[in-house]
Amino acid sequence: MNLGTRRMDLKAILSGDRLALSRLLTQIEKDSEQGRQALNELFPHTGKAHLVGVTGAPGTGKSSLTNQLAKHYRNPPDGPARSVAVVAVDPSSPFSGGAVLGDRIRMQDLAGDPGVFIRSMATRGSLGGLATATAGLVQGLDAAGYEIILIETVGAGQAEVEVAKLAHTTIVVEAPGLGDDVQAIKAGILEIADILVLNKADRPGVEAAERALRGMLNLGHPIERVFNHHGRRAEIEVPHEESPTDKLWLPPLIRTVSTEGQGVPELAQAITEHRAFLETSGELQRRERARLESEVHDLLQKAMMNRWRQDTSDERYQRTLEQIAARKLSPRQAVAQLLNGSAPQ
Amino acid sequence: MGEEKIRVLVAKPGLDGHDRGAKVIARALRDDGMEVIYTGLRQTPEMIAEAALQEDVDAVGLSILSGAHMALVPRILELIRANGQDNVALFVGGIIPDDDVPKLLEMGVAGVHGPGSSTLKIAEDIRRVVRQAA
Ligand SMILES: Nc1nc2c(ncn2[C@@H]2O[C@H](COP(=O)(O)OP(=O)(O)O)[C@@H](O)[C@H]2O)c(=O)[nH]1
Ligand SMILES: [Mg+2]
C-alpha cells in the first residue's frame, strides 16, 4: 500500500466509501502516523456500535455462528436490517510471522451484501485472543457507521479476557464432544460469558454437555467482572443483595446449530436483552468508562516510558543495569535513582 | 510498526474440483512470512474482488484448474480495478497452457505459475512485485 504519505480521506470513510475504510484499517493495523491521526479525528464518531465478542476453542463454530448472526441482522424477521462489520482474528505463526486467515471460508453467505464488511487480521505476536490493533480496527468500523460489530477471537483455549474488555456483549461458544467432559473448560472462560452458546446441538452428547455447562454456570454466577490491569484491579461490580434482582444478569445458555441457523434468532434476542440490561443498569457506562480508562492508562504508560527514555542516556541506563547485576543496587533502588535523575555512583 | 506485512488473498474461482493446490500455496506464503486470507472453493469473480477490497490486500493469487482462466482472469482484474485497487497484483496458478501465458501477462497479470513451480519462487515473485508497486 503506497499510502505512506497520503492523508486518510476521512470524509469518504464517514460517507461509506469501502475502499477508503479498508485502507484506513490497514493504517490503523500498522499503527502508522496517519492511522493514529485518523483515529483521533474519528473518535467523536465512535461509541455508537454494539460490540459483540465471539470466543471459544478452535472448531467450536465461532466463524459459522458469526456468519449466521450477521445474516440474521441483515434480514431480521422483525424490524429494520442493521449493518454489520466482522473482525476475525487468527494467530500469526511464531516461526515465520506469517498467517493463514481462514474465517471468511465460513462467511460466504455474506458475500455481495454492501451492508456487511468483513476484515481478517493476524495476532502479530499479541497474546490473549486479539491483536493489539483489534480495538483500533473496531473503532474505525464504528466510526464508519456499522451498527453491529462482531469480533471473533483466536480461541486458543486459554481464557481470552481481552475480548471481554473490548466487547459490550461476550458470547462464549462451546460444543459437545470437545474432550470428554466440559470440566476441562477453564473457569475463566465462563466467567467472561454474557451469553453461553452450546453450538453443534445436532451432535451427540449435547444433553450431557448442557447439564455440565448449567452446573458450572450456577456455580459461577453472579460474579464480579474483574479486569486486572497492570497490577491494578478495575472492578465492575454486579449489584448485590440490596439491588433489585432484575438488575442482575444471569448468562443464558442457548443451543445453536450454526451450519443451519437453529437457535440464532434466540441468540440475537439474548444479545438485544443484554444490551437493554447494560443500558438500564448503568453497566454500559461503567464498562465504557473502564475501557476508556484502561486505554488511557496504557497510552500514558507508553508515552511516559518513551519520554523517560528520551531524557535518559543509554549509557547511564546500561551502567545502572550492571550495578543491579553486580547486586550493588536493588531493582527498586535503581528505579528510584533513574527517576530522580541522580547519577548512580 | 516494524516491517511491512504483505497481505495476499488466495482464492479458487470456478466450480471445479479441489483446493489442495491453493492450500499448499497458502501455507507456503505463510511460511514465507505473509498474511494469507484464504477463502476456499467456488469463489465467483465478484466474491474475489469484494474480499480483496475488504482485506486491502497487496496481491491476489488465483488457482485455476478448470481451463476457464481466459474468461475468469479478465473479469476479476476488471472488478478489482473498478473498485479502485490499482496496485493489487494478480497472480495465476494451476493448469495454464503455454500459449495463454503471454496473453494473461498482456492483460495485466503480474505472474503465472504452473504446476511445477516451486513455492519458494512464487513467494519471491510476489514479494518482488509488491515491493515494486509500493
Ligand atoms: N455439525 C455441526 N457442525 C458445525 C456446526 N457449526 C460449525 N460446524 C462445523 O465445525 C467446523 C468448524 O467451524 P468454524 O466455524 O470454522 O469454527 P471456529 O474455528 O470456531 O471458527 C466446520 O467444519 C463447521 O462446518 C454445527 O452447529 N453443527
Ligand atoms: Mg474461525
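Quick notes on the rules
- Here the residue numbers are simple positions, counted from 1 along each chain's written sequence.
- Throughout, the order in which chains and ligands are written sets their labels, letters from A for the former and numbers from 1 for the latter.
- In keeping with the predicted nature of the model, local features appear solely for residues at pLDDT of at least 70, side-chain atom pairs appear and are counted solely at 80 or more, and the whole-chain, interface and lining totals rest on all residues.
- Only hydrogens and water are set aside; all other atoms, that is, all heavy atoms of the structure, feed into the side-chain values.
- Helical segments are the DSSP runs of H or I of at least four residues, strand segments are the runs of E of at least two, and each set is numbered from the N terminus.
- Note that the radius of gyration is over C-alpha atoms, with the globule rule given as 2.2 Å times the number of residues to the power 0.38.
- The buried label applies to any residue whose accessible area, calculated with a 1.4 Å probe on protein chains only, is under 20% of its type's maximum; exposed applies above 50%, and partly exposed to all values in between.
- Here a residue-residue contact requires only that any non-hydrogen atoms of the pair lie within 4.5 Å.
- Interaxial angle, 0 to 180 degrees, is taken between N-to-C directions of lines fitted to C-alpha atoms, where a helix line uses only the stretch in contact.
- The handedness criterion is simple: a crossing whose near helix is rotated anticlockwise from the far helix by less than a right angle is left-handed, and one whose near helix is rotated clockwise is right-handed.
- Here, patches come from residues exposed beyond 30% relative accessible area and free of salt bridges, joined within 9 Å for like charges and within 5 Å for nonpolar side chains (Val, Leu, Ile, Met, Phe, Trp, Tyr).
- Accessible surface is estimated by sampling points in the Shrake-Rupley manner with a 1.4 Å probe; for residues, cover comes only from the protein chains shown.
- Here, a salt bridge means any Lys or Arg side-chain nitrogen found within 4 Å of an Asp or Glu carboxyl oxygen.
- Buried area counts how much accessible surface, traced with a 1.4 Å probe, disappears from two parts once they are put together, with both parts' losses summed.
- We define a polar contact as two N or O atoms separated by no more than 3.5 Å, with the added condition that, inside protein, one atom must be a possible hydrogen donor and the other a possible acceptor, whereas residues neighbouring each other in sequence contribute only through side-chain atom pairs.
- Note that Gly is not counted as nonpolar here; it falls among the polar residues with everything else outside the nonpolar set of Ala, Val, Leu, Ile, Met, Phe, Trp, Tyr, Cys and Pro and the charged set of Asp, Glu, Lys and Arg.
- Two strands qualify as a pair provided that DSSP identifies no fewer than 2 bridges between them.
- With a 1 Å grid spanning the protein atoms alone, the term cavity applies to any set of points in which a 1.4 Å probe fits but cannot get out, the term pocket to an open set with protein on both sides within 12 Å along at least five of seven lines, and the term lining residue to any residue with an atom within 4 Å of a point.
- Grid points are joined across faces, edges and corners, and a volume is the space filled by probe spheres set on the points.
- Roughly parallel refers to an angle under 35 degrees, roughly antiparallel to one over 145, roughly perpendicular to one between 65 and 115, and oblique to any angle outside these ranges.

Looking at this structure, how should I read the overall build of chain B?
If you tally the helices and strands in chain B, you get 5 helices and 5 strands. Helices and strands in chain B line up, N terminus first, as β-α-β-α-β-α-β-α-β-α. Taking 14 Å as the expected radius of gyration for a compact globule of 134 residues, we find that chain B reaches 13 Å, a close match to that expectation. C-alpha atoms of chain B, sized along the principal axes, occupy 40 × 30 × 25 Å. Within chain B, the proportion of its 134 residues that are buried is 53%. In chain B, the share of contacts with a sequence separation of at least 24, taken over all contacts with a separation of at least 6, comes to 70%.

So what exactly am I meant to see when it comes to the environment of A193(A) here?
Tracing the backbone through its elements, the reader meets A193(A) in the loop between α7 (187–191) and β7 (195–198). Each C-alpha atom, one on A193(A) and one on P251(A), is 6.8 Å from the other, the two residues being 58 residues apart in sequence.

Sorry if this is basic, but what is going on with the packing of helix α2 (residues 45–55) of chain B against helix α3 (residues 69–82) of chain B here?
Helix packing for two helices is described by the angle between their axes and how far apart those axes are. Residue and element names in this part refer to chain B. Two elements in contact, α2 and α3, have axes separated by 9 Å at closest approach and are oriented at 40 degrees. In this structure, α2 crosses over α3, and the sense of that crossing is right-handed. Two secondary-structure elements touch here, α2 through P45, E46, I48 and A49 and α3 through L72, R75, I76, L79 and I80.

Before we go on, may I ask you to explain a nonpolar patch on the surface in this structure?
Taken together, the side chains of V296(A), L300(A) and M304(A) present a nonpolar region at the surface, about 310 Å² in accessible area. Its location among the elements puts M304(A) in helix α10 (residues 283–311).

How should the interface of chain A and chain B be read in this particular structure?
Where interface size is quoted, it is often the accessible area lost as the parts come together. Across the contact, 33 residues belong to chain A and 32 residues belong to chain B. Across the chain A to chain B interface the summed buried area is about 2,600 Å²; carbon plus sulfur atoms make up 46%. Linking chain A to chain B there are 5 salt bridges. Between E50(B) and R18(A) there is a salt bridge, with its nearest N and O atoms 3.7 Å apart. Along the contact surface separating chain A from chain B lie 22 residue pairs in polar contact (both at pLDDT 80 or more). Residue assignment for the side of chain A that touches chain B shows that the elements contributing at least two residues are α2 (18–30), β3 (99–101) and β4 (116–122) of chain A. Residue classes in the side of chain A that touches chain B are distributed as 12 nonpolar, 11 polar and 10 charged. Relative to strand β2 (residues 35–38) of chain B, β3(A) runs parallel, the two sharing 3 bridges.

Help me understand the layout of surface pockets in this model?
In this approach a probe as big as a water molecule rolls over the atoms, and the regions it shows empty are the leftover space. Residue and element names in this part refer to chain A. One number sums up the size of the second largest pocket: a volume of about 600 Å³. What lines the second largest pocket is a set of 29 residues, and nearest its centre among them are P58, G59, S63, D103 and R106. When residues of the lining of the second largest pocket are traced back to their parent elements, those giving at least two are α4 (62–74) and β3. The leading source of residues in the lining of the second largest pocket is α4, at 3 residues. For the lining of the second largest pocket, the per-class residue count stands at 8 nonpolar, 12 polar and 9 charged.

Explain the sheet that holds strand β10 (residues 253–255) of chain A here, please?
Working definition: the strands of a sheet are paired by backbone hydrogen bonds and lie parallel or antiparallel to each other. Residue and element names in this part refer to chain A. Pairing within the open sheet is parallel, and its 7 strands lie in the order β4-β2-β5-β1-β6-β7-β10. A single partner strand is all that each edge strand has here, and the edge strands are β4 and β10. Between one strand axis and the next, the sheet turns through 20 degrees on average, direction left out of account. Inspection of the sheet shows strand β1 (residues 50–55) paired to strand β5 (residues 148–152) by 5 bridges, in the parallel sense. Bridge pairing in β5 links G53 to I151.

Please clarify how the pairing of β5(A) should be interpreted in this entry.
On any regular strand, side chains alternate: one points to one face of the sheet, the next to the other face. All names here are of chain A. Counted residue by residue, β5 has 5 buried out of 5 residues, so it is predominantly covered. Residues I148, L150 and E152 point to one face of β5 and I149 and I151 to the other, with burial holding for every one of them. Strand direction decides the pairing type here: strand β2 (residues 84–90) and β5, joined by 5 bridges, are parallel. In the sheet register, A85 faces β5, and the bridge partner there is I149.

Looking at this structure, I do not really get the packing of helix α9 (residues 264–281) of chain A against α10(A). What am I missing?
All names here are of chain A. Taken N-terminus to C-terminus, the directions of α9 and α10 make an angle of 85 degrees; their axes are 5 Å apart at the nearest point. As the angle between them shows, α9 and α10 are arranged roughly perpendicular. Mapping the contact onto sequence places H274, R275, L278, E279 and S281 in α9 and E283, L284, Q285, R286 and R287 in α10. Here the residues of the contact of α9 with α10 sort into 2 nonpolar, 3 polar and 5 charged.

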